[in-house]
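# Architecture and fold: a report
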Amino acid sequence: MKVAIFRTSGVIAPFVIDGYITGFREAGHEVWGIDLTTEGLDFTKLRSFQPDFVLAYGYNGFCKSPNGYALRELGIPLVSLHYDCPYLARNDGLSDEINNFPEYYYEFVWDDSFLELLRNDGTENCDHILLATDPTWFHPIALDSPCIESSVCFVGGVSAHVEQNCVGIELVDKFIDEVIYSKLHNMDVPTFEICKQFFSASEFRAVHQVYTTEPASFWQMIYYKIHGKGSPIMRKYILDSIEGVELHIYGGGNGWDKPNAIFHEKVPYGTELSKAFQQYALNLNISSLQLEKAINNRPFDAYASKAFMLNDYRDDMIRAFPAHWEEITFRNLDEFAEKGEYFLTHVQERRELIADLYDYTLRHHTYRHRADQIVEKLAAINFLNRPQQPKTQTSRSILAIDEDNYADYCKDLNTCPVCGGREFNLKFSFLGHEDYKSTFDQCMDCQAVFLNPCPTDEYLTKFYNEIYYSPQHRQKMGWDPNLDTSNPNSFFLHQRRMDFVEKYVPEELKFPRGKLLDIGCSTGAFLWEASLRYWDVCGIEISDKAAEVAREKYGLAVTTGTLLESSFDDETFDVVTAWDVLEHIANPAPFLTILRRILKQGGLILLNTPNINSADAAYAGEQWRHLDAPLHPVLYDFISIRILLKKYGFQCLEVSSGDEYHGQMKIAARKA
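What you see is a predicted model; the values in this text were computed from it and never measured.

The next point concerns unusual backbone geometry. At the junction of N452 and P453, the peptide bond is cis and its omega measures out at 10 degrees in the coordinates. With respect to the secondary-structure elements, P453 resides in the loop between β18 (449–451) and β19 (454–455). That bond from A629 to P630 is cis: its omega, 0 degrees, falls within 30 degrees of zero. Along the polypeptide, P630 turns up in the loop between α23 (615–620) and β25 (634–635). The phi angle at Q50 is positive, at roughly 55 degrees, despite the residue not being glycine. Structurally, the position occupied by Q50 is in the loop between α2 (43–49) and β3 (53–57). For Q50, a relative accessible area of 60% translates into the label exposed. In the Ramachandran plot, N382 falls in the positive-phi region, its phi being about 60 degrees despite a non-glycine side chain. Relative to the assigned elements, N382 resides in the loop between α15 (367–380) and α16 (406–409).

Within the structure shown, the criterion is met by five cavities of 30 Å³ or more. Of the volumes computed, that of the largest cavity is approximately 50 Å³. Around the largest cavity, the lining residues are K183, M187, M234, I238, S287, L289, D312 and R314. Across the lining of the largest cavity, the residue classes break down as four nonpolar, one polar and three charged.

With that out of the way, let us pick up the packing of helix α7 (residues 191–199) against helix α9 (residues 215–239). Interaxial distance between α7 and α9 falls to 11 Å at its minimum, and their mutual angle equals 110 degrees. With respect to each other, α7 and α9 are oriented roughly perpendicular. Like other packed secondary-structure pairs, α7 and α9 cross with a definite hand, here right-handed. Residues T191, F192, C195 and F199 of α7 lie in contact with α9, whose contacting residues are F218, W219, Y223 and I226.

Here we have seven strands laid out as an open sheet, ordered β22-β21-β20-β23-β24-β27-β26, and mixed in their pairing. Strands with a single pairing partner mark the edges of an open sheet, and in this sheet they are β22 (558–560) and β26 (650–657). Averaged over all adjacent pairs, the angle separating strand axes in this sheet is 15 degrees, with direction ignored. Sheet topology note: the strand β23 (residues 573–579)/strand β24 (residues 599–610) ladder contains six bridges and is parallel. Within the sheet, the bridge partner assigned to W579 lies in β24 and is N608. Against the sheet, helix α21 (residues 544–554) touches β21 (536–541) and β22, its axis set at about 160 degrees to β22.

Counting residues in each nonpolar core, the largest one holds 111 residues, and the members touching the most others are Y20, F24, L55, F175, F218, L239 and I374. Considering each element in turn, this core owes the most residues, ten residues, to α9. Counting residues in each nonpolar core, the second largest holds 66 residues, with V449, Y459, I612 and V655 among its members.

Where burial is concerned, most of strand β7 (residues 105–109) is hidden: five out of the five residues are buried. Where burial is concerned, the two faces of β7 agree: the one with Y105, E107 and V109 and the one with Y106 and F108 are both buried. Of the pairings in the sheet, the one linking strand β6 (residues 78–82) to β7 comprises five bridges and is parallel in character. What sits directly across from L81, in β7, is F108. Bridge count for β7 against strand β8 (residues 126–128) is three bridges, and the pairing is parallel. What sits directly across from F108, in β8, is D127. Handedness of the crossover joining β7 and β8 through helix α5 (residues 112–120) is recorded here as right-handed.

With that out of the way, let us pick up a negative patch on the surface. On the surface, E326, E327, E349, E352 and D356 cluster together into a negatively charged patch. The topology assignment puts E327 in the loop between α12 (316–320) and β14 (329–330). According to the relative accessible area criterion, E327 is partly exposed, its value standing at 35%.

Mean pLDDT over the protein: 90, with 94% of residues reaching 70 or higher. Counting contacts from residues 387–396, a segment whose pLDDT is below 50, to residues more than four positions away or on other chains yields 22 contacts.

Right, let's talk about the pattern of salt bridges for a bit. Tallied over the entire structure, the rule returns 35 salt bridges. Among the ionic pairs, K236 bridges to D240, the shortest N-O distance being 3.1 Å. Between R368 and D372 there is a salt bridge, and its shortest N-O distance comes to 3.1 Å. Residue R368 and its partner D372 are located together in helix α15, separated by four residues, close to a single helical turn. By sharing partners, the salt bridges in this structure join D499, E502, R513, E529 and R533 into a single network.

With that out of the way, let us pick up a nonpolar patch on the surface. Nonpolar side chains collect at one region of the surface, where F491, W528 and L532 lie side by side and expose about 270 Å² of accessible area between them. Take L532: it is sitting in helix α20 (residues 525–532).

Before going further, it helps to examine the pairing of β3. When you tally the buried positions in β3, you get five out of five residues, the bulk of the element. Because side chains alternate across β3, one face comprises the buried residues F53, L55 and Y57, and the other comprises V54 and A56, equally buried. The sheet contact formed by strand β1 (residues 2–7) and β3 spans three bridges and is parallel. Note on β3: the bridge partner recorded for A4 is V54. In the sheet, β3 pairs with β6 via four bridges, with the strands oriented parallel. Within β6, the residue paired with V54 across the bridge is L78.

Cut-offs applied
- Residues numbered from 1 in each chain as written.
- Predicted model: local features only at pLDDT ≥ 70, side-chain atom pairs only at ≥ 80, totals over all residues.
- Heavy atoms only, no water.
- Helix = DSSP H or I, 4+ residues; strand = E, 2+ residues; numbered from the N terminus.
- Buried < 20%, exposed > 50% of the residue type's maximum accessible area, 1.4 Å probe, protein only.
- 1 Å grid on protein atoms, 1.4 Å probe; cavity = no way out; pocket = protein on both sides within 12 Å on 5 of 7 lines; lining within 4 Å.
- Points joined across faces, edges and corners; volume = space filled by probe spheres on them.
- Nonpolar A, V, L, I, M, F, W, Y, C, P; charged D, E, K, R; others polar.
- Axes fitted to C-alpha atoms, helices over the stretch in contact; angles between N-to-C directions.
- Parallel < 35°, antiparallel > 145°, perpendicular 65-115°, else oblique.
- Left-handed = near helix turned anticlockwise from the far one by under 90°.
- Contact = heavy atoms within 4.5 Å.
- Pairing = 2+ DSSP bridges.
- Core = buried A, V, L, I, M, F, W, Y, C linked by side-chain atoms within 4.5 Å.
- Right-handed = clockwise from strand over helix to strand, strands pointing away.
- Patch = residues over 30% accessible without salt bridge, like charges linked within 9 Å, V, L, I, M, F, W, Y side chains within 5 Å.
- Areas by Shrake-Rupley, 256 points an atom, 1.4 Å probe, with all protein chains shown as cover.
- Salt bridge = Lys/Arg side-chain N within 4 Å of Asp/Glu carboxyl O.
- Lys, Arg positive; Asp, Glu negative; His and termini not counted.
- Charge placed at Lys NZ, Arg CZ, Asp CG, Glu CD.
- pLDDT = per-residue confidence, 0-100.

Written as C-alpha cells, this is what we have:
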C-alpha cells in the first residue's frame, strides 16, 4: 500500500506524524513523507505517486484549490488524525465538505466525547484512535546515575502568574472562570460535561445560546479559553499540593517560589525526555483541559522508557491499560497523595508494575499498532476500494472567458495602475477562481503587483453578484454560507477597527460625531459598531445580497453599487473607511479621485489591505492566499501605497502591519 503523510508544524504534531511515518514503514507500506512547512505540496508529484490515501494531522490535509479541495479533485482519499479538539479548527465549510463527500474523508479522533459530537453532526466516517509511542525515541537507557528515589518529576511549564486570557465579555469570562474552578474540584469530570451543567444556569443562558446557534464561536472563543487558561491553573493546583519530597519541574517556574521545587530547562521531546523520565522514581502526568476522556502521549512514552508515571484520571486509561489503570491514576488530590506516597515508599512493587506496563505498551501502543489499526478499519468498510473519481466542474462557468467576451471581461495593461510606470516583470502565473488566467506583473517603478490582463469592472461586478456571495463559493472558501449569521468573534474585530478610526479623528468630532461612509460594507457589521458609537453612518456594497442583509438586519442606510456609481455631494463625509477593499479595485484612480471629492477638508480615510512585500507573502510565494485572482487585481506594499495616496492628494498618517491577519497593512491618511 502507498501512503502519503503530510508533516506540518505544531507542538506535538510533527512528532506524532514522524511516529506514523515510522509505523507505516515498519508495517511494510510504501510511505512518502511530505513536509509542508519546508517543501510545500507538489500536486504533480503527488498524482504521480498515486497514494492509496493521504494521512494528515487535524485539518492540514484540506488543501484549497480554485474549485474546492485539491485531494478530492485528484481522487485521493484523506485520513485525518485528531489529537486536539477538532472543533477548535472546524467550520461549516469543512463540515459540509466532509459530509457531502464521505467517500473521500475518514477521521480518527482520540477523544470519545468529540467523536460522539462529530457523529451527531452527521459525520459518517469516523472512529476512535489512541495516541502511541515511538520506541526508537523512548526506550530504557543506561544512565550515569541511578534513579533518584523519593523524588517527583513533572515535565511542562508552570507559572506563578495566572494569565488573564480574557474574552473581554464579562458574562463569558465569568462562565470560563466558573468552569475552571469547578474542574479543579472535580478533576475526573470531563470539561465539556461541566460546561453543559453551567448551561442550565439562568445566568449563563446566553452562553448556551451561543453554543446552540453559533457552535464554532463557542468552541473557538469560549472552550479554547477554558483550555488555554485552565490547563496551567490545573498544573499549579496539583503541583502546589506536593510537600515533603523534591519536586523537579522541567520547563521553568516563571516566578513561582516553591521551597521543595527544583526548576530545570525545558527538555526536548524524544530521547532526552526519555532520559528525564528514567531519572526519577515518580513522574507526574497532568492533562490539559481539552482532554475530555482521552489520554495524552505521556504515559505511553514514560512506560516505553520503563519509567513510572502517575496520571490524572481519564476514561481512556481503562481502555489503554485494562489491568493496571486503577493503580496508575488519581481522581482527586487525596488519591494523588495516597498513591504518590505508596509508590515512593514501595520500590519493589513500583518496579514490578513498571515491568508489566513496559511490556504491555510495546505490545499494544506503538505507532506500528496504530498504523495497522487504521489500515484494518479502512479495509473493513471497503473505504480504499471505492472508485475515486476526481471531482471537477461539469458545467461551463457563467464567467468563463473566451474570444467572444474577452474584451468585456478582461483587458491588457500597458501602464501600472498605481504610478503609470511602463516597466514590468512577470511575478506569478496560475489559474484563479472560475479558471481566470491569472498573470501578475510587478511594476519596476513603484513595486506594486497587478493582474495583467486585468479584470474589467463588468466582470468583477458579475463575479460579486453571481459568485462571491453564493453559498457554493462561500462554502468553497471555508466561510459560513449563510450571510445572515452573526459571529461574536467579529464583534471584537470591528471594535478594534473603530478604535483605529477614533485614534485619528480630531477633537471636534469626539462629540457630537460626524458622518462616516464605509465602502464595501458587506453585511454591515462594522457600520453597526460605528452607529453604536453615535456616528452618522451609511455604506456602499457591490453585492445586493449582502447589502440587503445590512438593511434588514441592522436597519442601515446601505446603497447597492460602487463608489463610482454613487452621487454623494462634495465634502459630505468626515471619515471614509474601506476594509479589505482597495486590493479589489482594478483601477484606483477614479476611486481615489471621488473619495477625495466627497471627503471634507482634513477628512480621514482609514483602510487595510494585504502587503505583497510582507514576509508572509514571500514565504508562501504563489500559494499566498491574498493572490486571490481575479478578486485582488492590485496588491500594494509600504512604498506603493504611500505613492498612490500622495498622488491623489492624501497625507499618510500611519502605514503599519495590521493586527487582523499575517501580511496585512493598515493605513490612516488625511485629505491634504
